[in-house]
Amino acid sequence: MKASLASILFSVALLTSCQSNSYKISGSVSSSEGLADGDTLFVTKDLQTGIPSDTLIIQDGKFKLSGETDSTALCMIYSAKRNEINAAFFMEPGTIDIQLTDQPGASRVGGTTCNKQWQTLNDSVMSIGKEINRIAEHIYGNNLSQEEQQKGMEQIDKLNKRFAELVVKTAEKNIDNEFGYFLLTYYPEELIDNNTRAKLIKDLPAEMRQRTAIKQLEQTINAAAKTAEGATIKDFTQKAPDETEISLMDEVKKHKVTVIDFWASWCGPCRQEMPFMMQMYDKLQSKGLGIIGISLDNDKDAWVKGTEALGFTWPQMSDLKGWDNEIAQHFQVTSIPHTIVVDQKGTILRRGLRGEELEAFVAEQLK
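Treat the numbers as computed from the prediction; the structure is a model and nothing was measured.

Draft legend 1. Molecular detail of the packing of aromatic side chains. A complete count under the given rule lists 16 aromatic pairs for this structure. Measuring from ring centre to ring centre gives 5.2 Å for Tyr281 and Trp314, while their planes differ by 70°; the resulting arrangement is edge-to-face. On the criterion of sequence distance, the pair formed by Tyr281 in helix 9 (residues 268–284) and Trp314 in the loop between helix 10 (300–310) and strand 12 (316–317) is long-range, its members being 33 residues apart. Assessed through its relative accessible area of 5%, Trp314 is described here as buried. When the centroid spacing of 5.3 Å and the interplanar angle of 50° are considered together, the rings of Phe312 and Trp314 count as tilted. The two residues Phe312 and Trp314 agree in class, both being buried. Feature note: the residues Phe90, Trp118, Phe163, Phe179, Phe182, Tyr186 and Tyr187 constitute an aromatic cluster, connected by ring pairs. Geometry around Tyr181 places Arg211 over its ring, the cationic atom sitting 4.5 Å from the centre. For the cation-ring pair, Arg350 lies above Phe361, with the distance from its terminal atom to the ring centre recorded as 5.4 Å.

Here is the structure:
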């Protein structure tokens, strides 16, 4: 994946609100956490650099901060002495409650609307994340059969879908407030697809719909519609590993159904998926299935070695520009593996299918 679950949860987002209001942070930290009176806590609005915007001093195991804010922003409070003691929270009007601990994911926030909803969402996300990590450790930490690995990847896919459903439901529940706006404008299409996003925008309060971020998001959604299901793909030409030119549409026209498979030699989940893709190809090639690999590699040697090691029997093409691959950019591919299923005319039938779902859909189209 291009973006990890942790980076999604703790990346910065600034949400404009209408007026200036006062806030108060009221927090506590147990003496057993290794912090004492006089120790320093920092608040940062820049979660990428951690540059502090405010400093708090612990007194009697407590800390506080007050002021005025004309926006709602996702911030982080952290210990200058022990960086593992931290909590992401929303700076917004009202009294913000923060309880710090040194246990990962155990610090808690609340008090205001956004912080209450943020904590509720994080509790569920942490549970899903722990299960994903457990399965991933089992897959990569043991000598499993191909079938067992595939089952593990399918379990992870289901958990990721559960996470996406959770984000959407939370956004729907809070679409009339700043937290719903945050979810709508921050999370990527892998979690909130553009059709759902467009519906949520319509449910926003009128003032929020006029914000620059929403206007930009609507432009992005309109652009994405050109490569959504039902649209017709355009032709691209890129080189195969042997330097010959391959036309995307020339390959598509050869088959009843074609799977355009975005991958890279450095992508572990992509390589885990390939044995299954080969099995599907062997089963359905005679019925009219074609596959075209689009590599997001930028190192030709690594790409060539990867194709040789995996033993592909279908065409491979790349411009060796990594994530800036022209075809990937056109189709707005932001994570891999990613598949696009098209018919013989280049009409997009489905996007994003993997595993059994992909094979079942392709088999149905080839009946």
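After presenting the structure, the write-up continues.
Draft legend 2. View of the state of the cysteines. Under the definition given, this model contains one disulfide. The disulfide that involves Cys267 links it to Cys270, with 2.4 Å between the sulfurs. Disulfide Cys267 to Cys270: torsion about the S-S bond roughly 75°, handedness right-handed. Exposure class is identical for Cys267 and Cys270. Each is buried. Its sulfur unpaired, Cys114 is 11 Å from the next cysteine sulfur, which belongs to Cys75. Looking at Cys114, the relative accessible area reads 1%, which means it is buried.

Draft legend 3. Representation of the sheet that holds strand 13 (residues 338–343) in the model. Ordered in space as 12-11-10-13-14, the five strands form an open sheet in which the pairing is mixed. Each edge of the open sheet carries a strand with a single partner, namely strand 12 and strand 14 (348–351). Relative to strand 12, strand 11 (residues 289–295) is paired through two bridges, and the arrangement is parallel. Across the sheet, the residue bridging to Ile294 is Met317, located in strand 12. Across the sheet, helix 9 touches strand 10 (257–263) and strand 11, and the angle it forms with strand 11 is around 155°. Helix 10 contacts strand 10, strand 11 and strand 12 of the sheet and is inclined by roughly 130° relative to strand 10.

Draft legend 4. Structural context of helix 12 (residues 355–365). Every buried residue of helix 12 is listed here: Gly355, Leu358, Glu359, Phe361 and Val362. The buried residues of helix 12 occupy an angular sector of 165° when the element is viewed end-on, so they sit on one face.

Draft legend 5. Highlighting the pattern of salt bridges. Per the counting criterion, the structure on display carries 18 salt bridges. Across the salt bridge formed by Asp157 and Arg354, the nearest N and O atoms sit 3.5 Å from each other. One end of the pair, Asp157, is in helix 3 (residues 146–173); the other, Arg354, is in the loop between strand 14 and helix 12, with 197 residues separating them in the sequence. Ionic pairing is found between Glu251 and Lys254, a salt bridge with its closest N-O pair at 3.0 Å. On the basis of relative accessibility, which here comes to 12%, the residue Glu251 falls in the buried class. The exposed category is assigned to Lys254, whose relative accessible area is 55%. Residues joined in a network through salt bridges with shared partners are Arg82, Glu84 and Asp102.

Draft legend 6. Region of the structure containing the confidence of the model for the protein. Taken residue by residue, the protein gives an average pLDDT of 89. The fraction at 70 or more is 94%. Per-residue pLDDT stays below 50 along residues 1–20; that stretch engages in 55 contacts with residues further than four places along the chain or on separate chains.

Draft legend 7. Structural context of empty space enclosed by the protein. Counted by the stated rule, this structure contains one cavity of 30 Å³ or more. Taken as a whole, the largest cavity holds about 40 Å³ of empty space. Around the largest cavity sit Asp261, Cys270, Glu273, Met274, Met277, Pro337, Thr339, Leu353, Arg354 and Leu358, which together line it. Per-element accounting of the lining of the largest cavity gives the leading share, four residues, to helix 9. Classifying every residue of the lining of the largest cavity gives six nonpolar, one polar and three charged.

Definitions and limits used
Residues numbered from 1 in each chain as written. Predicted model: local features only at pLDDT ≥ 70, side-chain atom pairs only at ≥ 80, totals over all residues. Heavy atoms only, no water. Phe/Tyr/Trp six-rings, centres within 6.5 Å; stacked < 30°, edge-to-face > 60°. Helix = DSSP H or I, 4+ residues; strand = E, 2+ residues; numbered from the N terminus. Buried < 20%, exposed > 50% of the residue type's maximum accessible area, 1.4 Å probe, protein only. Lys NZ or Arg CZ within 6 Å of the ring centre and 35° of its normal. Disulfide = S-S within 2.5 Å. Pairing = 2+ DSSP bridges. Contact = heavy atoms within 4.5 Å. Axes fitted to C-alpha atoms, helices over the stretch in contact; angles between N-to-C directions. Arc of directions from axis to C-beta. Salt bridge = Lys/Arg side-chain N within 4 Å of Asp/Glu carboxyl O. pLDDT = per-residue confidence, 0-100. 1 Å grid on protein atoms, 1.4 Å probe; cavity = no way out; pocket = protein on both sides within 12 Å on 5 of 7 lines; lining within 4 Å. Points joined across faces, edges and corners; volume = space filled by probe spheres on them. Nonpolar A, V, L, I, M, F, W, Y, C, P; charged D, E, K, R; others polar.

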